[in-house]
Amino acid sequence: MLALSAAVAVCVATLPGTAAAYGPGDGQGSGTTGPSGSSDGKGTVSATAGAVVFDRSKNGSGNSAGPVTSSGSNWTPPACYYAPKYTPEQLEKYLTPIWEAGSTGYEWDAGQRKKFEGGEPYKDFNKDKDGEGYFWDSYVTAGREGDPGALDCTDDIFWVDTGDAPPPEIEQAITPEMLAQLAYAEIRVPSTKVDLAPDGTTKVNLPTWAWLDAAEFKPVSVTASVPLLGVQATTTAEPLSLKIEPGTADATTYPASGVCELNGKQIGEAYAQGKSDETPPCGVKYLRSSGDDSYKLQATITWKISWTGTGVNDPQALPDGEFGAEQAVVVQEIQAVNR
């Protein structure tokens, strides 16, 4: 089957009843988006489907969902890449009006005509090889149009026979690893709202327990595909830890680092009656009242991300990702506390 796919499976704290897909930027959209293509029913797919197409039908959802960002580095998925784009006829229809307009200058037009019409190296747009391959060209990753990296793909259009690898000097040619990286950017996870006890309103010097139930973390996935090529990659993210930032310096976190590691099936520990004298394994103790306002507690989950794919059976690391959210905590000051 002529299909190239990259599935991103992400373990996230899924909200109840959320299975909607995300489109770029708005968090909602059809299950599959990207350039359109067609087939003649005999396995021949239109080259207009050469761009990466994303299926977000199993992605995380909800108004507060958002993308993970790489932690501790400036790493980002590629801003541009090369993939199949034109049949010989399609390339002719694309380039001929440009040459006839003359806006690109005689010298450039003449050089292009020699390259694609005159046999240096392609004669008559390689029409004698129609059905045996495609012309590859650059694509800019959606949402990265203004990124300086979008200008890195400067190689001219080139031909690749079906089943052959693109020229080795084309560093941005699409690969399973690159598909995994592009799918990384499409991950959407729900906001990280932790359970607190007491919830919403706590007291000065009263340890507040914080936890996330890992049993509620369910996989979500994004599939990136390029028709015409038979390779695949799967990127997987799973929760590693929860970082608590109290929103004020007048607070003590548990543990002192504020980082609560995944422990079996949960992060932290749910509060239960009889634990009022215990120190929470994950939580915060506020030392001052929030007055008439509230503190903005920031809870951030770090995700371990890796991928496997065609020819790669052992998971390969991608940069850890982070996503977090704020929640208001009112802290009151009283003389005595009964819990």
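The model shown is predicted, which means the values in this text are computed figures rather than measured ones. (Residues numbered from 1 in each chain as written. Predicted model: local features only at pLDDT ≥ 70, side-chain atom pairs only at ≥ 80, totals over all residues. Heavy atoms only, no water.)

1. Some remarks on the confidence of the model for the chain
Now for step 1: Model confidence for the chain is summarised by a mean pLDDT of 82, while 81% of its residues fall at 70 or above.
Now for step 2: With pLDDT under 50 throughout, residues 1-49 is counted as low confidence; its partners more than four residues away or in other chains account for 145 contacts. (pLDDT = per-residue confidence, 0-100. Contact = heavy atoms within 4.5 Å.)

2. A few points about the sheet that holds strand 7 (residues 158-161)
Now for step 1: Ordered in space as 5-6-7, the three strands form an open sheet in which the pairing is antiparallel. Of all strands in the sheet, those with a lone pairing partner are strand 5 (80-86) and strand 7, marking the two edges. The mean angle between the axes of side-by-side strands here comes to 45 degrees, regardless of whether they run parallel or antiparallel.
Now for step 2: In this structure, strand 6 (residues 133-140) lies alongside strand 7, joined through four bridges in antiparallel fashion. Residue pairing in the sheet places F135 in a bridge with W159 of strand 7. (Pairing = 2+ DSSP bridges. Helix = DSSP H or I, 4+ residues; strand = E, 2+ residues; numbered from the N terminus. Axes fitted to C-alpha atoms, helices over the stretch in contact; angles between N-to-C directions.)

3. Topic: the pairing of strand 14 (residues 259-263)
Now for step 1: Pairing of strand 12 (residues 232-245) with strand 14, which is carried by three bridges, proceeds in the antiparallel orientation. The residue of strand 14 that forms the bridge with L242 is C260.
Now for step 2: Relative to strand 15 (residues 266-268), strand 14 runs antiparallel, the two sharing two bridges. Bridged to L262 within strand 15 is I267.
Now for step 3: Linking strand 14 back to strand 15 in an antiparallel pair, the connection comprises two residues, with G264 at a positive phi of about 70 degrees.

4. Observations regarding the nonpolar core
Now for step 1: If you look at the biggest cluster of nonpolar residues, it comprises 32 residues, and the most contacted ones within it are V52, Y81, L91, F116, F135 and I174.
Now for step 2: Element by element, the count of residues in this core is highest for strand 5, at five residues.
Now for step 3: Setting aside residues up to four positions removed in sequence, I174 forms contacts with V52, Y81, Y82, A83, W136, L179, L182, V226 and L229.
Now for step 4: Ranked by size, the runner-up nonpolar core spans 31 residues in total, among them V194, L196, L212 and I301. (Core = buried A, V, L, I, M, F, W, Y, C linked by side-chain atoms within 4.5 Å. Buried < 20%, exposed > 50% of the residue type's maximum accessible area, 1.4 Å probe, protein only.)

5. Considering the packing of aromatic side chains
By convention here, two paired aromatic rings are described through the distance between centres and the angle between planes.
Now for step 1: In this structure the tally under the stated criterion is 12 aromatic pairs.
Now for step 2: Ring geometry for Y122 against F135: centres 5.2 Å apart, planes inclined by 85 degrees, an arrangement best described as edge-to-face. A residue pair is termed long-range when its members are at least 10 positions apart, and Y122 in the loop between helix 2 (106-116) and strand 6 and F135 in strand 6 qualify at 13 residues.
Now for step 3: On the accessibility criterion, F135 (0% relative accessible area) is buried. (Phe/Tyr/Trp six-rings, centres within 6.5 Å; stacked < 30°, edge-to-face > 60°.)

6. Side note on the side chain of R188
Now for step 1: Tracing the backbone shows R188 in the loop between helix 3 (176-184) and strand 8 (195-197).
Now for step 2: For the buried R188, which has no salt bridge, the nearest side chain bearing the opposite charge is E186, at an N-O separation of 4.6 Å.
Now for step 3: Of note is the side chain of R188, whose polar atom sits 3.0 Å from the backbone oxygen of A185. (Lys, Arg positive; Asp, Glu negative; His and termini not counted. Salt bridge = Lys/Arg side-chain N within 4 Å of Asp/Glu carboxyl O. Polar contact = N/O pair within 3.5 Å; in protein donor to acceptor, adjacent residues only side chain to side chain.)

7. Focus: the state of the cysteines
Now for step 1: According to the stated counting rule, one finds two disulfides in the structure shown.
Now for step 2: Here C80 is linked by a disulfide to C153, with a sulfur-sulfur distance of 2.1 Å. The chirality of the disulfide connecting C80 with C153 is right-handed, given an S-S dihedral of about 95 degrees. Of this pair, C80 sits in strand 5 while C153 sits in the loop between strand 6 and strand 7, and the two are 73 residues apart along the sequence.
Now for step 3: What makes C80 buried here is its relative accessible area of 3%.
Now for step 4: Its relative accessible area of 11% is what places C153 among the buried residues.
Now for step 5: Put simply, C260 and C282 are joined by a disulfide, and their sulfur atoms are 2.1 Å apart. Judged by the sign of its S-S torsion, about 85 degrees, the cystine formed by C260 and C282 is right-handed. (Disulfide = S-S within 2.5 Å.)

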